[in-house]
Structures are given as C-alpha cells and as structure tokens.
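Spelled out from the first residue to the last, the chains are:
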Amino acid sequence: MAAITPAAGFVTPPSALAIGAIAGLACYWGATGLKRLLGADDSLDVFGVHGIGGIVGAILTGVFSAASLGGVKGDGYSIPHQVLIQIEGVAITVAWIGVGSIVGFAIAK
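Residues numbered from 1 in each chain as written. Predicted model: local features only at pLDDT ≥ 70, side-chain atom pairs only at ≥ 80, totals over all residues. Heavy atoms only, no water.

**Overview of the overall build of the protein chain**
In terms of helices and strands, the protein chain carries three helices and zero strands. The helix and strand sequence of the protein chain, counted from the amino end, reads α-α-α. Counted over contacts in the protein chain with a minimum sequence separation of 6, partners at least 24 positions apart contribute 54%. A total of about 7,000 Å² of accessible surface is found on the protein chain, and carbon and sulfur atoms cover 73% of it. Between the averaged position of the 4 positive side-chain charges in the protein chain and that of its 5 negative side-chain charges there is a distance of 7 Å. (Helix = DSSP H or I, 4+ residues; strand = E, 2+ residues; numbered from the N terminus. Contact = heavy atoms within 4.5 Å. Areas by Shrake-Rupley, 256 points an atom, 1.4 Å probe, with all protein chains shown as cover. Lys, Arg positive; Asp, Glu negative; His and termini not counted. Charge placed at Lys NZ, Arg CZ, Asp CG, Glu CD.)

Spelled out as structure tokens, the structure:
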C-alpha cells in the first residue's frame, strides 16, 4: 500500500503489480537487513515497510508513468528526467522529516 500510493492514478494494474513486487523485495530488505545494519529498534518495522516502500514507490512512479510501460504520460515524457524529479521529492521529504523530528525531539526533551 505504501509503495503504490504515490503512483495511484498514473499507472495501470500490471504496472502496479510490478511496483508492488519490486517494493515488496525492498521492504523485506528494509525490515530485515537494513534494520540489522543500522541496529535500529523498530519492533513494528515501520521504517522498513512504510519508509522504504514509500521511497521505492515514489521513485518507480517516474518509471511506470510512461505510456510505453502502460502509464498515463504520453509524448515527450522522459523517464530519466521524471525519476530525477521523484528522487528530488524524496530527498526534500526526508530532509523535512529529519528537521521536524529534531525539532520535535528538542521540544519533548
């Protein structure tokens, strides 16, 4: 769900299945390997599933929105250009969440 939400309305059902399959593998890694690598205490795997799934889904929206892959974007659509825009959006979101978390932790402290 976290992975396909960014692409809702821009991709076809087969593309949604592809995004889900790719994100499923990424989320599995996020909930097992990444958590172990970072030594994170994430008992509900919130970041591994929602964080990683959302990031992968947002980036893959730029790929699967192309009409050649069944998406709704037509002539003149550049997959590499859109993927860079999606990555920029993800980076801004991660920075925003980071700053908000620091402020929230400082207030709570």
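Further notes follow.
**Topic: the packing of helix 1 (residues 13-38) against helix 2 (residues 46-64)**
Where helix 1 meets helix 2, the axes come as close as 8 Å, and the angle between the chain directions of the two elements is 145 degrees. The interaxial crossing formed by helix 1 with helix 2 has right-handed handedness. Here Ser15, Ala18, Ile19, Ile22, Ala23, Ala26, Cys27, Gly30, Ala31 and Leu34 of helix 1 come into contact with helix 2, specifically with Phe47, Gly48, Val49, Ile52, Gly53, Val56, Gly57, Leu60 and Phe64. Per-class residue counts for the contact of helix 1 with helix 2 are 14 nonpolar, five polar and no charged. (Axes fitted to C-alpha atoms, helices over the stretch in contact; angles between N-to-C directions. Left-handed = near helix turned anticlockwise from the far one by under 90°. Nonpolar A, V, L, I, M, F, W, Y, C, P; charged D, E, K, R; others polar.)

**Here's the deal with a nonpolar patch on the surface**
A cluster of nonpolar side chains, Val99, Val103 and Ile107, forms an exposed patch at the surface whose accessible area comes to about 300 Å². Residue position: Ile107 is located in helix 3 (residues 79-108). (Patch = residues over 30% accessible without salt bridge, like charges linked within 9 Å, V, L, I, M, F, W, Y side chains within 5 Å. Salt bridge = Lys/Arg side-chain N within 4 Å of Asp/Glu carboxyl O.)

**Let's talk about the layout of surface pockets**
Size it by volume and the largest pocket reaches roughly 210 Å³. As for the largest pocket, its lining consists of Phe47, Gly51, Gly54, Ile55, Ala58, Val90, Thr93, Val94 and Ile97. Taken together, the elements giving at least two residues each to the lining of the largest pocket come down to helix 2 and helix 3. Ranked by the residues each element gives to the lining of the largest pocket, the list is headed by helix 2, at five residues. When its residues are assigned to classes, the lining of the largest pocket shows six nonpolar, three polar and no charged. (1 Å grid on protein atoms, 1.4 Å probe; cavity = no way out; pocket = protein on both sides within 12 Å on 5 of 7 lines; lining within 4 Å. Points joined across faces, edges and corners; volume = space filled by probe spheres on them.)

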